[in-house]
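Fold and contact review
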Amino acid sequence: MSDRAEYRDSGRAGLVDERQFVDILEERRHSSDLGHALRTFNPHPYQGAAPCSAAELNKAVLEAQYLRYVTKEIAMETGSSVEEVRKEACGILEEMSQNLQLGFIRLMGYTLTKVFKRLFTSIFVNMEGLNMLQQAIQETPVILMPNHRSYVDFLIISYILFTYDIPVPVIAAGIPLAGMKMVGEILRRSGAFFIRRAIGSDKLYWAVLSEYVKAIVRKGYAPMEFYVEGLRSRTLKSLTPKLGMMHMVLEPYFKGEVFDITLVPISISYDRVLEESLLAHELLGVPKPKESTMGLLKASKVLQEDYGTMHVNFGRPLSVRQLCHGKINRCQYNLIPRSKSSLQICTDLWLAHLMVRIQEEGSLISPWSLMACLLLQAPITVLTEEGLLWQQLTEKTLWLRKLALDYGARLNWSAPDSDVMSSAVALHCSIVHRKAGRVYLVQEEELARKRPISLEEGVTRTAAAVLMLASYRNQLLHVFVRPALLATAIHITKSTQRNELFTFFCFLQDLFSYEFIFIPDKLSQDFEEACLLLKKCGAVHISQQEVTLSDMGLEALSFLQALLQPFIDSYQVMFRYLSEEGVNVFTEKQFLPAVRNLATKLILSGELHTYEALSSDTQKNVLSALRRLEAVTKLRASEQNEYKVNKAAVRRTGDILCKF
Amino acid sequence: MLYISTKYQIIRKDFPFYLGKTAHGGLWVQIKNLPGHLPKESPSHVFLQEIMKWNGWGYSDSRFLFNKKGQAEFTGKRYIIIGMIIPGLKDWFECTFGASLQHKTPATPLLNSSAVQPPTLNEAFVEELKSTGIPFSQDAEDRVFRAHGHCLHEIFALREGKFGRVPDMVVWPNCHNDVVKIVELASKHNVCLIPYGGGTSVSSALECPPEETRSIVSLDTSQMNRILWVDEKNLTAHVEAGIVGQDLERLLNESGYCTGHEPDSMEFSSLGGWVATRASGMKKNIYGNIEDLVVHIKMVTPQGVIEKSCQGPRMSTGPDIHHFIMGSEGTLGVVTEVTMKIRPMPEYQKYGSVVFPNFEQGVACLREVARQRCAPASIRLMDNEQFKFGHALKPQVSSIFTSFLDGLKKFYITKFKGFDPNRLCVATLLFEGDREKVLQHEKQVYDIAAKFGGLAAGEDNGQRGYMLTFVIAYLRDLGMDYYVIGESFETSVPWDRVLDICRNVKARIVRECKERGVQFPPLSTCRVTQTYDAGACVYFYFAFNYRGLSDPVHVYEQVEHAAREEILANGGSLSHHHGVGKLRKEWMRETVSNVGMGMLKSVKDYVDPNNIFGNRNLL
């Protein structure tokens, strides 16, 4: 299908065979937690590495030629003395560096066992992936690349590796975590190193960071773990990867300083995410609480609830050398001294996207995601007032289950059908409840009890529940997005011509490039894949020139199209705002509430049927997409991130989206 | 306590001499029988060919073999190691390659002339050539002998008795004027000429292009082997280009001089070949590489003779025309006479060696030695695998005392000093000059080495290292008797990339072998053989057991190709001194840029528009 197929784990699609997975909590429930924390830890580290302490690592970083060179350069530019700049670099490194200590890993292990046992029924880990990782870690420096959906997963990899005698990683973390009293230090000693947000053009900071990261990779000091998506995804959808870290991590290979680097994509999937409600509110403009130890303690009430199971799926280790074979000419480094600044190799772009795609493919789809998907396609009044027939929901879910399996999804469906669906609804009682054969959306009661709520507040209330549903739907979007784009293209263009459809398909990919993950320059493969999948479910006939509808697959086709409809509607609202109502120059801070107001108005007037337009994530994605399409430009001189809109261009884009 | 008193000997039947120890423990070349000039009436080509292998390296009577007890020994009377038992080789060989003495792959013993294609002759050329009186031959054996260099695939094919396109005839010019006549006739009759010197090429440079339809004539320079004059005032010698290295050194030594140019192939390679490939000698730190040694070159081209009008030591007269000739690899003409710098023979020589805890430290030390510009005549750093290889070649020790001493040394280094036997590596050194200075120099280098954790490890280890150079080519033939094939290749690289290139290329070789179905891990090893101000020359050795492979040579070539790609990707050069030939010419364009290629092409087009020198090397 696509050449991505070669990176896929073979024979894994379909219902997940529980035998591949081991519940690591099982053993913890039967034996001493303390015994686990104090277990003999005897990992096989990278063979090429000479053991080195955190202090030695820092020393090597500060003495690195590259850093010395940048230090001198900055001293020249700023007029300060080299000694001062060096001190500043020392300070940065101190703030940044990890101080991995086995003692703290044990402490962490002990605490996490307690927490995990309380939160989760089971934590499943695929042993095959773990075994391959164990092997890979001995052969080359290894980069662990998990997705990030919850704070809970921050130390889960370390926890698993500790349990299975594999060297524990150092982990790239956001600096806010370091600011937490005690916890920051504990994380640091558990291997976290901290990176500032918005480094911007701070040359010295970049230099220290990249030297630090590269030194860890070069020395094979420990496996390095970082989130290629950069952040925790608020929407549970994959994020467009951040390239800075990826580049730093890969540079030692491109420069030949290591023979190879192994990338291990890791997919962490949850039945239920701890932060679900917090995230939904954040998306609706309620600010995220600052990371603080007090906050953490307060949040402990979430520990009372049940979060089902967690799956940690270690992907097949990928050799950077093999991935880049024939794609990157390493000779481009030949004419630059090793110690001088580095060339940017643009190919890390597709590599980063590829990793996210593999994470997606490795993630497990829960039955609840299927149900959320279908619930979202029901009219909102049905969910809030009449209730959706349970019978109808379960039938549709079983239908979707088949489609998802056909499309290669990995489903976590291990019990009799009715049990699976009932328990999914039970687990998510914060979002839906089942009463008298019908399913209703749960809406926060707190507000309503105190005083009658305004219409706008009502919208926000419903929106919170809808966005929660949407986030669970988002977990399976990657399975359907390609055929859904094609289904939408067929629907909008009404064309049967392959090339016309392809053009529109490309347009949609471009427009939604911040919404869904597509590997750059794989357009035609994606299109082929979409065609094949539509054909597979009997929705279309495909010939050399044409893609024609068949009667058989109308259900699938309309499902796929409905899947994307909220996105299209939301985008249209924002296009409308930008091209008609808004001003020419605006800041992001002005844009978000203004669009939210407009969307609320439209929802109340019945013009807009999706609450997803209220999500700040969607709103920001629209802005990014329009910047990419050059319909919106960022004003360079502006300090407050002002944007200038080309109204005509926005209108044109909107017109294409409902062209016929 | 190796090769006893006489460290090593290179003895040839025709001009026997040996390298022996001086009273001071140094090493120089002594002449046993003064041979005078080559006896012209008995052409030495016939003679040389008779005493050399037709399908392997070096002299016919000199070879390694495993005796009935399974112990390795070396035959013949030419090298000092003859008759010595090398007890460690069998184990090393079997362990390293997973080879077994039970599984033999003997070579075809005799050259089957009928398997050689009949010559395509240009009758008019032959007729006119006859009238000049220059000797020539169309004998199959003569032709096969000059149809190859010493690349693995060339030797492998010969051992199997397979011959591709071979020259249609061989001519032996006796002097510059003979060459002028031959080139004129070749141009007139459109005959393809391939110059042949010592035949030690490892770049497929001597292979006849299979697509060549004209008659191919091998122009063998071996009869042009005289030293025409020695100028003691200016310290130069004017020499015919066909002379081979050991003869040149020996003859100059007779009058107390040397060129100091000692490539590893010096027993067989010729002066003309050195010029045509930009050769490099082991002792270049004192004497320089060929481009530093050459003062004047005379080359015969289809356009006429090219040479400079004077012998000024340096000129600013546009681009140096010598640099069109050096490295031209026989594509432009035949080098006939060369004026070379000579030096008085050194008063004193001393070998040495240093053991380092690991390769990284060793490289750091070499870098520092280069920074201080105090490199001895030769300094080479072997990696751990090669150190073990060298160790396996240690002959049986003659007394309990020496074996006790060896044990003590080993104990001191590994136990007392804590060196890991699987990581330590050794540098070999050769100092040369007057005695005082050598000793002073030696101290300076050992002091630097000490800063990098290096321990002096004695003269013998150093000497064995250099010995290895001369016998390694014979060892390849031994390997080929038992399913093991291999080769070496080289590059030059800036200092900051030396470690990376060594690690990555070795790892690439191992990985490629695995991926191509080689059943046993290959021997993949390297050494740093030369230091420069801005970088180093690195040699890789690579060999594997090919049992179970249907086309071992193809696998070998794929791996070598991948290794070269790895070298280039790591900032290494296409070649330090082996040259490009046909083996590496696919990378020439990216190496010298499009314009660079155009420049070289336009020179070729002017000098040789009809491609008389049609070996198709380089471009």
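Residues numbered from 1 in each chain as written. Chains lettered and ligands numbered in written order. Predicted model: local features only at pLDDT ≥ 70, side-chain atom pairs only at ≥ 80, totals over all residues. Heavy atoms only, no water.

Chain B is annotated in an unreviewed UniProt entry as Alkylglycerone-phosphate synthase from Lates calcarifer. The annotation that UniProt attaches to chain B under Cofactor (unreviewed entry) is "FAD". Quoted verbatim from the Sequence similarities (unreviewed entry) heading of the UniProt record, the comment on chain B is "Belongs to the FAD-binding oxidoreductase/transferase type 4 family." (UniProt positions renumbered as here; feature names shortened; annotations may be inferred.)

Labelled according to an unreviewed UniProt entry, chain A appears under the name Glyceronephosphate O-acyltransferase 2, originating from Lates calcarifer. Annotation of chain A in UniProt includes, under Sequence similarities (unreviewed entry), the sentence "Belongs to the GPAT/DAPAT family." UniProt annotates chain A under Subcellular location (unreviewed entry) with the comment "Membrane".

With that settled, the discussion passes to the UniProt feature "binding site: substrate" (unreviewed entry) in chain B. All names here are of chain B. In the numbering adopted here, UniProt assigns the feature "binding site: substrate" (unreviewed entry) to Arg 476. Within the secondary structure, Arg 476 sits in helix 16 (residues 459–480). What Arg 476 contacts, discounting residues up to four positions off in sequence, is His 150, Cys 151, Leu 152, Ile 155, Val 484, Gly 486 and Glu 487. A distance of 2.8 Å separates the side chain of Arg 476 from the backbone oxygen of His 150, its partner in a polar contact. (Helix = DSSP H or I, 4+ residues; strand = E, 2+ residues; numbered from the N terminus. Contact = heavy atoms within 4.5 Å. Polar contact = N/O pair within 3.5 Å; in protein donor to acceptor, adjacent residues only side chain to side chain.)

Moving on: the domain arrangement of chain A. Residue and element names in this part refer to chain A. When cut into domains, chain A gives domain 1 (29–37 + 49–362), domain 2 (367–475) and domain 3 (479–658). Just the C-alpha atoms count here: the centres of domain 1 and domain 3 sit 32 Å apart. Taken together, the contact pairs 17 residues of domain 1 with 15 residues of domain 3. Approximately 1,200 Å² of surface area, both sides summed, lies buried where domain 1 meets domain 3, with 61% of it carried by carbon and sulfur atoms. Per-residue buried area on domain 1 facing domain 3 is highest for Lys 237, Leu 283 and Arg 357; these three make up 40% of the total on that side. The interface formed by domain 1 and domain 3 contains 1 salt bridge. Taking the shortest distance from any N to any O, the salt bridge between Lys 237 and Glu 515 comes out at 2.5 Å. Linking domain 1 with domain 3 are 2 residue pairs in polar contact (both at pLDDT 80 or more), by the criterion used here. (Domains from an automatic or database assignment. Buried area = accessible area lost by both parts, 1.4 Å probe. Salt bridge = Lys/Arg side-chain N within 4 Å of Asp/Glu carboxyl O.)

Moving on, we come to the UniProt feature "site: Important for enzyme activity" (unreviewed entry) in chain B. Listed under "site: Important for enzyme activity" (unreviewed entry) in the UniProt record, and renumbered for this structure, are Arg 380 of chain B. Reaching out from Arg 380 of chain B, the side chain makes a polar contact with the side chain of Asp 264 of chain B at a distance of 3.2 Å.

Below, the discussion takes up the packing of aromatic side chains. A full pass over the atoms with the stated rule returns 40 aromatic pairs over all chains. Among the aromatic residues, ring-to-ring pairing joins Phe 512, Phe 516, Phe 518, Phe 567, Tyr 571 and Phe 575 of chain A into one connected group. Lying over the aromatic face of Tyr 348 of chain B, Arg 435 of chain B brings its terminal NZ or CZ to 5.3 Å of the ring centre. Sitting above the plane of the Tyr 539 of chain B ring, Arg 527 of chain B keeps its charged end 6.0 Å from the centroid. (Phe/Tyr/Trp six-rings, centres within 6.5 Å; stacked < 30°, edge-to-face > 60°. Lys NZ or Arg CZ within 6 Å of the ring centre and 35° of its normal.)

What follows deals with the pattern of salt bridges. All names here are of chain A. Applying the stated criterion across every chain yields a total of 65 salt bridges over all chains. Between Glu 73 and Lys 203 there is a salt bridge, with its nearest N and O atoms 2.9 Å apart. With Glu 73 in helix 4 (residues 65–78) and Lys 203 in helix 11 (residues 203–219), the pair connects residues that are 130 residues apart, well separated along the chain. Given the relative accessible area of 26%, Glu 73 is considered partly exposed. By relative accessible area, Lys 203 is classed as partly exposed at 33%. Measuring nitrogen to oxygen at the nearest pair gives 2.7 Å for the salt bridge that ties Glu 528 to Arg 498. Taken as a pair, Glu 528 in helix 25 (residues 523–536) and Arg 498 in helix 24 (residues 498–511) lie far apart in primary sequence, 30 residues in all. According to the relative accessible area criterion, Glu 528 is partly exposed, its value standing at 34%. (Buried < 20%, exposed > 50% of the residue type's maximum accessible area, 1.4 Å probe, protein only.)

It is worth spelling out the packing of helix 3 (residues 123–132) of chain B against helix 6 (residues 176–189) of chain B at this point. All names here are of chain B. Closest axis-to-axis distance for the helix 3/helix 6 pair is 10 Å, and the angle between their directions is 160°. Between helix 3 and helix 6, the angle is such that the two are roughly antiparallel. The hand of the helix 3/helix 6 crossing is right-handed. Every residue of helix 6 that contacts helix 3 at Ala 124, Phe 125, Glu 128, Leu 129 and Thr 132 is listed here: Lys 181, Ile 182, Leu 185, Ala 186, Lys 188 and His 189. A per-class count over the contact of helix 3 with helix 6 returns 6 nonpolar, 2 polar and 3 charged. (Axes fitted to C-alpha atoms, helices over the stretch in contact; angles between N-to-C directions. Parallel < 35°, antiparallel > 145°, perpendicular 65-115°, else oblique. Left-handed = near helix turned anticlockwise from the far one by under 90°. Nonpolar A, V, L, I, M, F, W, Y, C, P; charged D, E, K, R; others polar.)

With that settled, the discussion passes to unusual backbone geometry. Residues and elements named next belong to chain B. Even without being a glycine, Tyr 483 presents a positive backbone phi close to 70°. Locating Tyr 483 in the fold gives a position in the loop between helix 16 and strand 21 (484–494). Residue Tyr 483 is classed as partly exposed on the basis of its relative accessible area, which comes to 23%. At Leu 618, a position not held by glycine, the phi torsion is positive, near 70°. Relative to the elements of secondary structure, Leu 618 occurs in the segment after helix 19 (588–607).

All right, on to the domain arrangement of chain B then. Residue and element names in this part refer to chain B. We note that the domain assignment places domain 1 (48–217), domain 2 (227–344) and domain 3 (348–470) within chain B. If you average the C-alpha positions of domain 1 and of domain 2, the two centres end up 24 Å apart. For the pair domain 1 and domain 2, the two sides together bury roughly 1,300 Å², of which 68% comes from carbon and sulfur. Counting across the interface, domain 1 meets domain 2 through 2 residue pairs in polar contact (both at pLDDT 80 or more).

Below, the discussion takes up the interface of chain A and chain B. Contacts between the two partners involve 17 residues from chain A, matched on the other side by 14 residues from chain B. Of the roughly 1,300 Å² buried where chain A meets chain B, counting both sides, 37% is carbon and sulfur surface. At the junction of chain A and chain B, the tally comes to 3 salt bridges. Across the salt bridge formed by Glu 566 of chain B and Arg 330 of chain A, the nearest N and O atoms sit 3.0 Å from each other. The residue inventory of the side of chain A that touches chain B, partitioned by class, reads 6 nonpolar, 5 polar and 6 charged.

Our focus in this paragraph is the sheet that holds strand 15 (residues 334–341) of chain B. All names here are of chain B. Strand order in the open sheet formed by 5 strands is 10-11-15-13-14, and the pairing between neighbours is antiparallel. The open sheet has two free edges, formed respectively by strand 10 (227–231) and strand 14 (304–306), since each of these has just one partner strand. Each strand axis lies, on average, 10° off the axis of its neighbour in the sheet, ignoring direction. As paired strands, strand 13 (residues 294–301) and strand 15 are joined by 6 bridges and run antiparallel to one another. Paired with Val 300 across the two strands is Val 334, which belongs to strand 15. (Pairing = 2+ DSSP bridges.)

Residues and elements named next belong to chain A. An order of 11-14-13 is seen for the 3 strands of this open sheet, with the pairing classed as antiparallel. The open sheet terminates on both sides in strands that have one partner only, identified here as strand 11 (388–389) and strand 13 (432–435). As judged from the 4 bridges shared by strand 13 and strand 14 (residues 438–441), these two strands associate in the antiparallel manner. In the strand pairing of strand 14, Val 432 is matched with Leu 441.

Further remarks concern the confidence of the model for chain B. Residues and elements named next belong to chain B. Chain-level pLDDT for chain B is 89 on average; 91% of the residues reach the 70-or-more range. For the stretch residues 1–45, pLDDT sits under 50, and the model shows 119 contacts to residues farther than four places along the chain or on other chains. Scored as a whole, the predicted complex attains pTM 0.88, and scored at its interfaces, ipTM 0.84. (pLDDT = per-residue confidence, 0-100.)

With that settled, consider the pairing of strand 4 (residues 142–146) of chain A. For strand 4 of chain A, a buried count of 5 out of 5 residues is recorded, marking the element as mostly surrounded by other parts of the structure. Neither face of strand 4 of chain A is open: one carries Val 142, Leu 144 and Pro 146 of chain A, the other Ile 143 and Met 145 of chain A, and all of them are buried.

Attention now goes to the environment of Lys 188 of chain B. Residues and elements named next belong to chain B. Its place among the elements puts Lys 188 in helix 6. Taking the C-alpha atoms as reference points, Lys 188 and Ala 124, 64 residues apart in sequence, are found 9.6 Å from one another. A distance of 2.5 Å separates the side chain of Lys 188 from the side chain of Glu 128, its partner in a polar contact.

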